[in-house]
Amino acid sequence: MIPPASSSRAGRRRCNPLSYDYVLVCKNVEDEGNKTQKKQTAFIDALKSKDFKVMKIVDESKVFYGIRAPKEIFEKYRYLLKVSDACNWSCEQQGEVVLSTRIRIVHFILDHTYIKNLDDLMNKNVFETKFCLHEKKQQKELRKSWARWSACFQGQPINEVRSYFGEKIALYYLWLGWYTFLLIPAAILGIIVFLYGLAFINTSPLTMEVCTADTIMCPLCDGKCRVWNLSDTCAYAKVNILFDNEGTVAFAMFMAVWATVFLEFWKRCRAKYVCQWKVYDWSEDEEELILEIVNDPDCKPKKYSHSYLKSTLVLILVTLMLVLIIGLTHALVVFRVVATFLLSGSKWSLLNENASLVAVMLGAVVHYFTLNIMTRVNRKVALKLCEIEETRSFAATERSFTVKMFTFQFFTLFSSLIYVAFFLGRINGRPGDYVRIAGKWRLEECHPSGCLTDLFIQMSIIMVLKQTLNNIFEFTGPWLKRYVKRKTTQKLQRKCGHCYKKECKDTEEGAELCENCKLQNWLRNYHLTDVNAFSLFEEFLEM
């Protein structure tokens, strides 16, 4: 996937011809014989051979290379778009290539520039990071009108977001806003259903039947578990009625209709903006071919031949991965069974009496950590499978990766929940003939108040942990990275003083800034949060 900062095809603000498109950052290595430094020098020379302008600024520990592409590259890009059958958007555009398009073109060239005699790409441990440059004024406008809590009810400046980030990011935030807006009626109905259950919590026939029953139930485990009265679960039965009552059926029917309505209205909303931005019939595969020619006019067509052997191998590996994920679900079941057995023999009466409930909660916590670990494993496996496939283009690789990753994540997240919802308590046998694991541990049963209580507890714990811990990392992670970046560039910050030059204050289109102003702009963008090929994908995956 293209990083968010470079995923646009259009923008409103033109780039200053004498500014820089990208900045490459690497460690300051004084040893001239260092292999990494040789690669860096070779790569900069390769860019200069393409008539790129390069400016170098050295810090105590960092080296910054400002990169600016020649005008001829963008003229060639415009011409090839004009003669293309699939990418006809640019035919209506006049004047210079816009900022977001420049960023995307330069980003592609940086990622596809090989180092001569070293057979290596720039992004393979040659430079620490790279970032594009944006105007300070545009960043301030977005921070004021969009990236603040007080702007939540003002509507999104989606065209300005598109100008800064590009269409891919703008469409994500457009979808997110539309999704949040349509969740309002669903949330209101959910609250009504909850209040309905709360109103009849003491008068519901189901609750009264459980609370007034004198039925003696079989022990929930072997060994120290005793018989118990059905009325002991009165409190849980009342809690269960809050989210499992007559209104729940109506709510489920409403959500089925809501999902279809949301999807169809989103298609309409998306088509409106896509047509307005003139990217309705845009072909990423065609543009990739154009960028290949722009990067290397002498590039040769790559012959593509489908390999049934590789496709079969990928299918087998995907199946094995799904079997592994389902096997982890079985491992969670065994964990809960063993935990119930061990907790039921505890000396603490609290654990002894609530062994099954505590085991379900521990299983939910283990499931959460399994999710985090398997998300990283699934990504690496999906990328490796895409490498084995050898697809025709990067866009095809992106689509293939998306299908594999979402499939893996679906099984990782929902296998355990599907087991609890549809299999728990239905395959554990009957008194006198219980199903046992390894002939020793009795298979777990549902909570005395019903299987839905187990599902509710597990989903609640996973959702709370995901929301709290993930948000903590999402907020503190960028802050810590920014703090570290500021500490590592202290010398440059001291050098970067406030400029009082008139030509810098009243900069016109095409004017050259002084060294301090360039450095100030570079550091401001360097301190922003890094983006990578998975930034946008991870946001969609989380939602």
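Residues numbered from 1 in each chain as written. Predicted model: local features only at pLDDT ≥ 70, side-chain atom pairs only at ≥ 80, totals over all residues. Heavy atoms only, no water.

Some thoughts on the pattern of salt bridges
When the charged atoms of two side chains lie near each other, side chains of opposite charge can form a pair. This is how it is decided: Put simply, a salt bridge is a Lys or Arg side-chain nitrogen that is within 4 Å of an Asp or Glu carboxyl oxygen. Any residue under 20% of the maximum accessible area for its type is buried, any over 50% is exposed, and the rest in between are partly exposed; the area is computed with a 1.4 Å probe on protein chains only. Numbering of helices and strands runs from the N terminus, with a helix taken as a DSSP run of H or I at least four residues long and a strand as a DSSP run of E at least two residues long.
Here the structure, examined in full by the defined rule, presents seven salt bridges. For Glu 167, the salt bridge goes to Arg 162, with nearest N and O atoms at 3.0 Å. The class of Arg 162 is buried, set by a relative accessible area of 9%. Arg 379 serves as the salt-bridge partner of Glu 538, at 2.1 Å between the closest nitrogen and oxygen. One end of the pair, Glu 538, is in helix H19 (residues 535–542); the other, Arg 379, is in helix H13 (residues 355–389), and 159 residues separate them in sequence. For Arg 379, a relative accessible area of 25% translates into the label partly exposed.

Overview of the sheet that holds strand E1 (residues 22–27)
How we decide: Strands qualify as paired when DSSP identifies two bridges or more between them. Every axis corresponds to a line fitted to the C-alpha atoms, with the helix fit spanning only the stretch in contact, and the corresponding angles, defined between N-to-C directions, vary from 0 to 180 degrees.
Pairing in this open sheet of four strands is antiparallel, and the strands run E2-E3-E1-E6 from one edge to the other. Looking at strand neighbours, the two that pair on one side only are strand E2 (53–58) and strand E6 (129–132), the edges of this open sheet. Along the sheet, successive strands turn relative to each other by an average axial angle of 20°, direction set aside. Pairing geometry for E1 and E6, over four bridges, is antiparallel. Of the residues in E6, the one forming a bridge with Tyr 22 is Cys 132.

Digging into the nonpolar core
Threshold: What is meant by a nonpolar core is a set of buried Ala, Val, Leu, Ile, Met, Phe, Trp, Tyr and Cys residues, joined one to another through side-chain atoms within 4.5 Å. The start and end points of each domain follow an automatic or database-based domain assignment. Should any heavy atoms of two residues lie within 4.5 Å, those residues are counted as being in contact.
Counting residues in hydrophobic clusters, the biggest one holds 51 residues, and the most contacted among them are Leu 24, Phe 52, Tyr 65, Ile 67, Tyr 77 and Phe 127. If one sorts the elements of this core by residue count, helix H6 (residues 167–199) sits on top with eight residues. Built from parts of two domains, this core gets at least three residues from each of domain 1 (22–86 + 94–133) and domain 2 (166–282). Other than its neighbours up to four places away in sequence, Tyr 77 contacts Thr 101, Arg 104, Ile 105, Trp 282, Glu 287, Ile 290, Leu 291 and Val 294. Ranked by size, the runner-up nonpolar core spans 13 residues in total, among them Val 318, Ile 325, Met 374 and Phe 537.

Here we look at the pairing of strand E3 (residues 62–68)
The element E3 is extensively covered by neighbouring structure, given that seven of its seven residues are classed as buried. Residues of E3 alternate between two faces, with Lys 62, Phe 64, Gly 66 and Arg 68 on one and Val 63, Tyr 65 and Ile 67 on the opposite face, all of them buried. Sheet topology places E1 next to E3; six bridges connect them, and they run antiparallel. The residue of E3 that forms the bridge with Leu 24 is Tyr 65. Bridge count for E2 against E3 is six bridges, and the pairing is antiparallel. Opposite Val 58, over in E3, you have Val 63 as the bridge partner.

Describing the UniProt feature "transmembrane region" (unreviewed entry) in the protein chain
Filter applied, for reference: UniProt positions are given in the numbering used here, feature names are shortened, and annotations may be inferred rather than shown by experiment.
Mapped onto this numbering, the UniProt entry annotates "transmembrane region" (unreviewed entry) at residues 172–199, 248–266, 312–335, 355–374 and 406–425. The span residues 355–374 is 100% helical and 0% strand by assignment, and the distance between its end C-alpha atoms comes to 28 Å.

Some words on the environment of Phe 537
By secondary structure assignment, the location of Phe 537 is in helix H19. Sequence separation between Phe 537 and Tyr 172 is 365 residues, and the spatial gap between their C-alpha atoms is 9.9 Å.

A few points about helix H14 (residues 394–422)
This is how it is decided: The span expected for a helix works out to 1.5 Å for each residue beyond the first. Across the chain, bend at a residue is computed as the angle between axes fitted to the seven residues ending at that point and the seven starting from it.
The terminal C-alpha atoms of H14, which comprises 29 residues, lie 40 Å apart, in line with the 42 Å expected from a rise of 1.5 Å per residue. A bend of about 40° at Phe 414 is the largest found in H14.

Remarks on the state of the cysteines
The condition that has to hold: The term disulfide is used for any two cysteine sulfur atoms that are within 2.5 Å.
On inspection of all chains with the given rule, the structure shows one disulfide. Note that Cys 211 is cross-linked by a disulfide to Cys 234, the S-S spacing being 1.9 Å. Its torsion about the S-S bond being 85°, the disulfide of Cys 211 and Cys 234 is classed as right-handed. One end of the pair, Cys 211, is in helix H7 (residues 205–211); the other, Cys 234, is in helix H8 (residues 234–243), with 23 residues separating them in the sequence. What makes Cys 211 partly exposed here is its relative accessible area of 23%.

Observations concerning empty space enclosed by the protein
Heads up, the rule is: Here a cavity denotes grid points, spaced 1 Å and computed from the protein atoms alone, that fit a 1.4 Å probe unable to get out, and a pocket denotes an open set having protein on both sides within 12 Å along at least 5 of 7 lines; residues with an atom within 4 Å of a point are the lining. Grid points are joined across faces, edges and corners, and a volume is the space filled by probe spheres set on the points.
Following the criterion strictly, the structure yields three cavities of 30 Å³ or more and no others. Of the volumes computed, that of the largest cavity is approximately 60 Å³. Considering the residues around the largest cavity, the lining is formed by Ile 325, Leu 328, Thr 329, Leu 332, His 367, Thr 370, Met 374, Phe 411, Thr 412 and Ser 416. Of the residues forming the lining of the largest cavity, the biggest block, four residues, is contributed by helix H11 (residues 308–344).

Points about the side chain of Thr 233
Mapped onto the fold, Thr 233 is located in the loop between strand E8 (228–229) and H8. The contacts of Thr 233, once residues within four sequence positions are left out, are Val 210, Trp 228 and Pro 448.

A closer look at the packing of aromatic side chains
Put simply, the test is: The rule is short: rings of Phe, Tyr and Trp, with Trp giving its six-membered ring, pair when the centres are within 6.5 Å, and they are stacked under 30 degrees, edge-to-face over 60, tilted in between.
This structure, assessed with the given rule, holds 20 aromatic pairs. Note on Tyr 196 and Phe 200: the rings are 4.9 Å apart at their centroids and 50° apart in plane angle, and the pair reads as tilted. The class of Tyr 196 is partly exposed, set by a relative accessible area of 34%. Exposure remark for Phe 200: the relative accessible area of 41% places this residue in the partly exposed category.

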